[in-house]
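The chain contents come next:
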Amino acid sequence: IGSGATAATLIPAIADTCAHVTMLQRSPTFFFVGANRNELADELRAQGLPDAEIHERVRAAIVEQHDGVAKASVEYPDMVRQVLMQGVKDVLPEGFDVDKHFNPAYRPWQQRIALVPDGDLFKAIGRGQASVVTDSIDHFEADGIVVGSGDKLEAAVVITATGFDLSVMGNIPFTVDGEAVDFAEAVTWRGIMFTGVPNLAYVFGYFRSSWTLRADLISELVCRLLGYMDANGSSKVMPELRAEEKEMALVDWVEADNFNPGYLRRSMHLMPRQGSLDPWRLRHDYTAEKEILPLADLDDGTLVFK
């Protein structure tokens, strides 16, 4: 049960050892069919370049590529949809109902685009080892699942790869001076720290790029912040809205028109808020943040040190 990266990774891995695998999905996911290798990396290795240089050049190219696709998904969503669906059609057998099973209702990159390396998921479908059913679940029976259409999917094993709820802040019960912290009442400072909570930095990465890109930026900022505190004899730091920001409009931690998978929307009421002005915004743009975070002003009055 599920249609995302977990399902797409698992199905080809078990298709050869099962009688048949059925992917039951409530709604389709966008997939990108690509080679299970990086052509630029292969070319640079063939040229004998040092590993460190290859890493930097490949990383920069991937970031630029992801950034371009994300921007195109907003500016030219129909074009990106067509390109993604054509990649799927090229691997699946002729006549397969791609529009029903692999054409999501949302625009590209409002939810994650999952890579299908070498088209392995679709090749398994083409070989008859796997199939896709797009429907709702009516109920479970001892030997399978009855879907909304009334059809029964016989199953020896059911694997759920969908429907989870976020463990917001790791479900850790934070308290400040004996009072429980409700993060939904907090406003984030650059998506890293929170009003009302001292000495806490939170690592939240990018949806459309490698998570570690932002983890690196946050780590560098925290180290700079600790050095600043040492130099000024401070043992406590906490974001605080300035007078002119107290009436600032607040929005969700992640706005629905930006990124809206079910697991995120179900938990949004538990997440901190972000503001409409810097530095109270959570950006989802590595290209911008790699310039902004290393130069973030620690002495602009939005961080209170004691």
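A. Quick peek at the pairing of strand S3 (residues 114–117). Burial along S3 is one-sided: the face carrying Ala114 and Val116 is buried and the face carrying Leu115 and Pro117 is not. Direction of pairing for strand S2 (residues 31–34) relative to S3: parallel, over a ladder of four bridges. Within the sheet, the bridge partner assigned to valine 33 lies in S3 and is valine 116.

B. Main features of the pattern of salt bridges. Under the definition given, this model contains 15 salt bridges. In this structure, the salt-bridge partner of lysine 152 is glutamate 141, at a minimum N-O distance of 2.9 Å. Of this pair, lysine 152 sits in strand S7 (residues 152–154) while glutamate 141 sits in strand S5 (residues 137–141), and the two are eleven residues apart along the sequence. Residue classification places lysine 152 among the partly exposed positions, given a relative accessible area of 36%. Residue aspartate 252 pairs with arginine 273 through a salt bridge whose shortest N-O separation is 2.9 Å. Of this pair, aspartate 252 sits in the loop between strand S13 (250–251) and helix H8 (262–265) while arginine 273 sits in the loop between H8 and strand S14 (274–275); the two residues are 21 residues apart in sequence, bridging distant segments of the chain. Residue classification places aspartate 252 among the partly exposed positions, given a relative accessible area of 24%. Here the residues in one salt-bridge network are Arg37, Glu39, Asp42 and Arg45, joined through shared partners.

C. Representation of the sheet that holds S7 within the structure. Sheet architecture is open: three strands sit in the order S5-S6-S7, paired in antiparallel fashion. Each having just a single partner strand, S5 and S7 make up the two edges of the open sheet. When strand polarity is set aside, the average angle formed by the axes of neighbouring strands in this sheet is 20 degrees.

D. Quick peek at the packing of aromatic side chains. Scanning all chains against the criterion turns up 17 aromatic pairs. Centre to centre, the rings of tyrosine 202 and phenylalanine 204 are 6.0 Å apart; their planes meet at 35 degrees, and the pair counts as tilted. Of the two residues, tyrosine 202 and phenylalanine 204, both sit in the buried class. Between phenylalanine 204 and phenylalanine 207, the aromatic rings sit 5.6 Å apart at their centres with planes inclined by 85 degrees, giving edge-to-face as the arrangement. For the pair phenylalanine 204 and phenylalanine 207, a shared accessibility class is recorded, and that class is buried. One aromatic cluster is present, formed by Phe174, Phe183, Phe194, Tyr202, Phe204, Phe207, Trp211, Trp253 and Phe259 through successive ring pairs.

E. Here's a closer look at helix H2 (residues 39–46). Its side-chain oxygen placed 3.1 Å from the backbone nitrogen of leucine 40, asparagine 38 serves as the N-cap of H2. One or two residues past the end of H2 sits glycine 48, with phi positive at roughly 80 degrees.

The rules behind these values
- Residues numbered from 1 in each chain as written.
- Predicted model: local features only at pLDDT ≥ 70, side-chain atom pairs only at ≥ 80, totals over all residues.
- Heavy atoms only, no water.
- Buried < 20%, exposed > 50% of the residue type's maximum accessible area, 1.4 Å probe, protein only.
- Helix = DSSP H or I, 4+ residues; strand = E, 2+ residues; numbered from the N terminus.
- Pairing = 2+ DSSP bridges.
- Salt bridge = Lys/Arg side-chain N within 4 Å of Asp/Glu carboxyl O.
- Axes fitted to C-alpha atoms, helices over the stretch in contact; angles between N-to-C directions.
- Phe/Tyr/Trp six-rings, centres within 6.5 Å; stacked < 30°, edge-to-face > 60°.
- Polar contact = N/O pair within 3.5 Å; in protein donor to acceptor, adjacent residues only side chain to side chain.

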